Amino acid sequence: MESPESVELLENNKGSVFSLELGEKIIDLHEHKILTFWDRVEELDVWEWKKEYMPKDEILDGHHWELKLRNRKGMSKYVYGHMSYPNKYTDLMKELNKLFGSKMEVEV
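Residues numbered from 1 in each chain as written. Predicted model: local features only at pLDDT ≥ 70, side-chain atom pairs only at ≥ 80, totals over all residues. Heavy atoms only, no water.

> I'd like to hear about the pattern of salt bridges, residue by residue, with values.
Considering all chains together, one arrives at 5 salt bridges under this definition. R72 is the partner of E31 in a salt bridge, and the nearest nitrogen-oxygen pair spans 2.7 Å. In this pair, E31 is assigned in helix α1 (residues 31-43) and R72 in the loop between β5 (64-70) and β6 (76-82), connecting sequence segments 41 residues apart. Of the charged contacts in the structure, one is a salt bridge between K98 and E95, with a shortest N-O distance of 3.3 Å. With a gap of 3 residues between them, K98 and E95 both fall in helix α2 (residues 89-100), about one helical turn apart. One connected set of salt bridges, linked through shared partners, spans R40, E43, E95 and K98. (Salt bridge = Lys/Arg side-chain N within 4 Å of Asp/Glu carboxyl O. Helix = DSSP H or I, 4+ residues; strand = E, 2+ residues; numbered from the N terminus.)

> Describe the nonpolar core, listing the residues and the values that go with them.
In this structure, F37, V41, V46, L67, L69 and L92 are the most contacted members of the largest nonpolar core, which totals 24 residues. Per-element tally for this core: the top contributor is α2, with 6 residues. In this structure V46 touches V41, L67, L69, K77 and L92, once residues within four positions along its chain are discounted. (Core = buried A, V, L, I, M, F, W, Y, C linked by side-chain atoms within 4.5 Å. Buried < 20%, exposed > 50% of the residue type's maximum accessible area, 1.4 Å probe, protein only. Contact = heavy atoms within 4.5 Å.)

> Can you lay out α2 for me, pointing to particular residues and giving the numbers?
An ideal rise of 1.5 Å per residue puts 16 Å on 12 residues; α2 measures up with 17 Å between its terminal C-alpha atoms. Within the sequence span of α2, burial applies to Y89, L92, M93, E95, L96, N97, L99 and F100. G101, located one to two residues past α2, shows a positive phi value of around 65°. (Expected span 1.5 Å × (residues − 1).)

In structure tokens, the structure reads:
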């Protein structure tokens, strides 16, 4: 699978993997992988991340990213950035790749 632009956890243990070239692909996810992912979100302190990560100096191009999370308990988190990342960002990207079987590139 090529590097997706986005992944999304859907209802009923389904996932959406979207790439510009291939469009959207709906996949089945195993419950234990979903539960493991949420455990890792807790371990990585994602709920404590700031809302915004931006470089000190203005950069006109580069990598923009956003993260929207909502767990089964209703906790939600929206984080975004431009060429700046929270601690353990690459660890979270690895966990998303494990969950979705994707190969999102980590540009840190």
